[in-house]
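Chain residues, written in single-letter form:
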Amino acid sequence: MPIDDHTLVRRALSGDQEAYREIVNRYQRPIFSLILRMVRDRSLAEELAQDAFVKAFTRLESFDPSHKLSSWLFKIAHNTAIDQLRRRRVDTVPIEGADDDSPGWIASVADESEPSPERRAAQMDLMRGLEVAVGRLRPDYREVILLRFQEGLAYDEIAEVTGLPLGTVKTHIHRARKELAETLREMGIDVAGRL
Amino acid sequence: MTRNDLHDAVSRWLLEEGAGDDREAEAALVRVFSALPTPEPPVGFADAVVHRAGVLVPAPLPSWAPRLARGMAAAALVLVGLAAVFLPLVLYVLGSTLTLGQGVEWAAAGLLAVCRAVIEALSFWDGLAGALATLGSFALKSPVLVTLVFSLLTTAIVVGGLHRWLKADRS
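Procedures and definitions
Residues numbered from 1 in each chain as written. Chains lettered and ligands numbered in written order. Predicted model: local features only at pLDDT ≥ 70, side-chain atom pairs only at ≥ 80, totals over all residues. Heavy atoms only, no water. Helix = DSSP H or I, 4+ residues; strand = E, 2+ residues; numbered from the N terminus. Buried < 20%, exposed > 50% of the residue type's maximum accessible area, 1.4 Å probe, protein only. Contact = heavy atoms within 4.5 Å. Areas by Shrake-Rupley, 256 points an atom, 1.4 Å probe, with all protein chains shown as cover. Core = buried A, V, L, I, M, F, W, Y, C linked by side-chain atoms within 4.5 Å. Axes fitted to C-alpha atoms, helices over the stretch in contact; angles between N-to-C directions. Parallel < 35°, antiparallel > 145°, perpendicular 65-115°, else oblique. Left-handed = near helix turned anticlockwise from the far one by under 90°. Nonpolar A, V, L, I, M, F, W, Y, C, P; charged D, E, K, R; others polar. Salt bridge = Lys/Arg side-chain N within 4 Å of Asp/Glu carboxyl O. Polar contact = N/O pair within 3.5 Å; in protein donor to acceptor, adjacent residues only side chain to side chain. Phe/Tyr/Trp six-rings, centres within 6.5 Å; stacked < 30°, edge-to-face > 60°. Lys NZ or Arg CZ within 6 Å of the ring centre and 35° of its normal. Expected span 1.5 Å × (residues − 1).

## Quick word on the overall build of chain A
Counting secondary structure elements, chain A contains 10 helices and 0 strands. When the helices and strands of chain A are read in sequence order from the N terminus, they spell out α-α-α-α-α-α-α-α-α-α. A total of 195 residues make up chain A; the buried ones form 52% of that total. In chain A, once contacts between residues fewer than 6 apart in sequence are set aside, the share between residues at least 24 apart is 64%. Working note: accessible area of chain A is about 9,000 Å², and carbon and sulfur atoms make up 48% of it.

## Section: the overall build of chain B
Helix and strand counts for chain B stand at 7 helices and 0 strands. Helices (α) and strands (β) of chain B occur, in sequence order from the N terminus, as α-α-α-α-α-α-α. Evaluated residue by residue, chain B yields a buried proportion of 23% over its 171 residues. Excluding contacts between residues fewer than 6 apart, the proportion of contacts in chain B whose partners are at least 24 apart in sequence is 50%. Accessible surface, chain B: about 11,200 Å² in total, of which carbon and sulfur atoms supply 70%.

## Things to note about the environment of His-78 of chain A
Residues and elements named next belong to chain A. With respect to the helices, strands and loops of the structure, His-78 is situated in helix H4 (residues 69-88). Judged by relative accessible area, which is 8%, His-78 ranks as buried. Along the primary structure His-78 and Met-38 are separated by 40 residues, whereas in three dimensions their C-alpha atoms are 9.0 Å apart. Beyond its immediate chain neighbours, meaning those up to four positions away, His-78 contacts Glu-143, Val-161 and Thr-162.

## Considerations on unusual backbone geometry
In most cases, non-glycine residues show a negative phi, while peptide bonds are predominantly trans. One non-glycine residue, Arg-40 of chain A, adopts positive backbone phi at about 60 degrees. Position of Arg-40 of chain A among the secondary structure elements: in the loop between helix H2 (17-39) and helix H3 (42-58).

## A few points about the nonpolar core
If you look at the biggest cluster of nonpolar residues, it comprises 74 residues, and the most contacted ones within it are Ile-23, Ile-31, Ile-35, Phe-53 and Leu-73 of chain A together with Trp-13 of chain B. A per-element tally of this core places H2 of chain A first, with 12 residues.

## Points about the packing of H2 of chain A against helix H8 (residues 139-150) of chain A
All names here are of chain A. Two numbers describe how H2 lies on H8: the axes approach to 10 Å, and their chain directions differ by 150 degrees. By the angle between their axes, H2 is roughly antiparallel relative to H8. Relative to H8, the crossing made by H2 is right-handed. Where H2 approaches H8, its residues Pro-30, Ser-33, Leu-34, Arg-37, Met-38 and Val-39 are matched on the opposing element by Pro-139, Arg-142, Glu-143, Leu-146, Leu-147 and Gln-150. Looking at the contact of H2 with H8, its residues break down into 7 nonpolar, 2 polar and 3 charged.

## What about the interface of chain A and chain B?
Counting from both sides, the interface comprises 56 residues of chain A and, opposite them, 38 residues of chain B. Taken together, the links from chain A to chain B amount to 8 salt bridges. A salt bridge links Glu-26 of chain B to Arg-148 of chain A; the nearest nitrogen and oxygen atoms lie 2.8 Å apart. Applying the counting criterion to the chain A and chain B interface returns 13 residue pairs in polar contact (both at pLDDT 80 or more). Residue contributions to the side of chain A that touches chain B peak at 11 residues, all from H2 of chain A. Tallied by class, the residues present in the side of chain A that touches chain B amount to 27 nonpolar, 12 polar and 17 charged.

## Some remarks on the packing of aromatic side chains
Across all of its chains, the model carries 6 aromatic pairs over all chains by this definition. Between Phe-149 of chain A and Phe-33 of chain B the ring centres are 6.3 Å apart and the planes differ by 20 degrees, which places this aromatic pair in the stacked class. Here Phe-149 of chain A is found in helix H8, whereas its partner Phe-33 of chain B is found in helix H2 (residues 22-35) on a different chain. Three or more aromatic residues joined by ring pairs form one cluster here, namely Tyr-20, Phe-32, Phe-53 and Phe-57 of chain A together with Phe-45 of chain B. One Lys or Arg, Arg-138 of chain A, reaches over the ring of Tyr-141 of chain A and ends 4.1 Å from the middle of that ring. Over the ring of Tyr-155 of chain A we find Lys-170 of chain A; its NZ or CZ atom is 5.9 Å from the centre of that ring.

## Comments concerning the environment of Ala-46 of chain B
Inspection of the secondary structure puts Ala-46 of chain B in helix H3 (residues 45-56). Contact partners of Ala-46 of chain B, with chain neighbours within four places excluded, come to Arg-21, Val-24, Asn-25 and Gln-28 of chain A.

## Quick look at the packing of helix H10 (residues 166-186) of chain A against H2 of chain B
Closest axis-to-axis distance for the H10 of chain A/H2 of chain B pair is 12 Å, and the angle between their directions is 65 degrees. Here H10 of chain A lies roughly perpendicular to H2 of chain B, going by the angle between them. Regarding H10 of chain A and H2 of chain B, the two cross each other, and that crossing is left-handed. The segment H10 of chain A lies against H2 of chain B, with Ile-173, His-174, Arg-177 and Leu-180 of chain A engaging Asp-22, Ala-25, Glu-26 and Leu-29 of chain B. Of the residues belonging to the contact of H10 of chain A with H2 of chain B, the class tally is 4 nonpolar, 1 polar and 3 charged.

## Thoughts on H2 of chain B
All names here are of chain B. Helix length check: H2 (14 residues) gives 20 Å between terminal C-alpha atoms against 20 Å at 1.5 Å per residue, within 8%. Every buried residue of H2 is listed here: Ala-25, Glu-26, Ala-28, Leu-29, Val-32, Phe-33 and Ala-35. Its side-chain oxygen at 3.1 Å from the backbone nitrogen of Arg-23, Asp-21 defines the N-terminal cap of H2.

The following block contains the structure:
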């Protein structure tokens, strides 16, 4: 039976190194993918994700058990990524820019069951197109979209993570969805889902 | 995930966005993202984080340590307080093998010797020598007062030290 998050936190606070490792194992994927899709740079994302976990661990005593550990970690990851974006002003990425990152991991997960190279290439094109479209959203839109649709957070959780009012979160998500759809249409991805 | 899953999800989402149904459009976009691959952190990521955190996160104290520290501090404060109040009496009791007069005489003799040494060293400075002689003679007349002042000074120093230690421990 898996140990719940709050028990893990208590164990970590009592000096259990394995509890720290388990927290990382449990949340490294969503934290890393959120930050990667925010900053669009794999090595930078790795560094920032590490920073986020280390910050979380150094202030683990301040974690309020009445909240979800995942929301707390996302909040720290959000602050870490936003600080970096403010410093480097990596606010938008041109279409070509995504090629630096997307193909590496998209190619690694391409559907191997797809026998036709052309169809596999089309699948990767669509994935790449979606990644690029997400990357072209302004950072605050991009983040709420990722938190909502990639991580499955509720509106109030997104408000807690980002520090935005609930109404603003709803507005951002609505507008971001519209922008995303518009960008895909501009890129030639039609309702049939083909480039 | 298959190619068709992603293509179908995108098609459905774009249709729903076009239809203007927010609830359906959101549900469709959830399916689009679930059909997208999630980037994996590099191998060894967890080890790297734990290694970095291990350097920065201080080893926690055992759970009983704060209680022990508070207990020791409280006991020390009580002892210091009792010592300050009862020091003259304790000294008297400890020195009960001697008479009070003998104890006072030894203390006075010690003080007198110190005063004399100082007076001799500073004999060229008559004014200071005179003041020290006055102080010395006052102390000799009231050894209990000297002991009490000494006790209070000791208490103040110890309590100040404990306060700083407890404050540092709390922070």
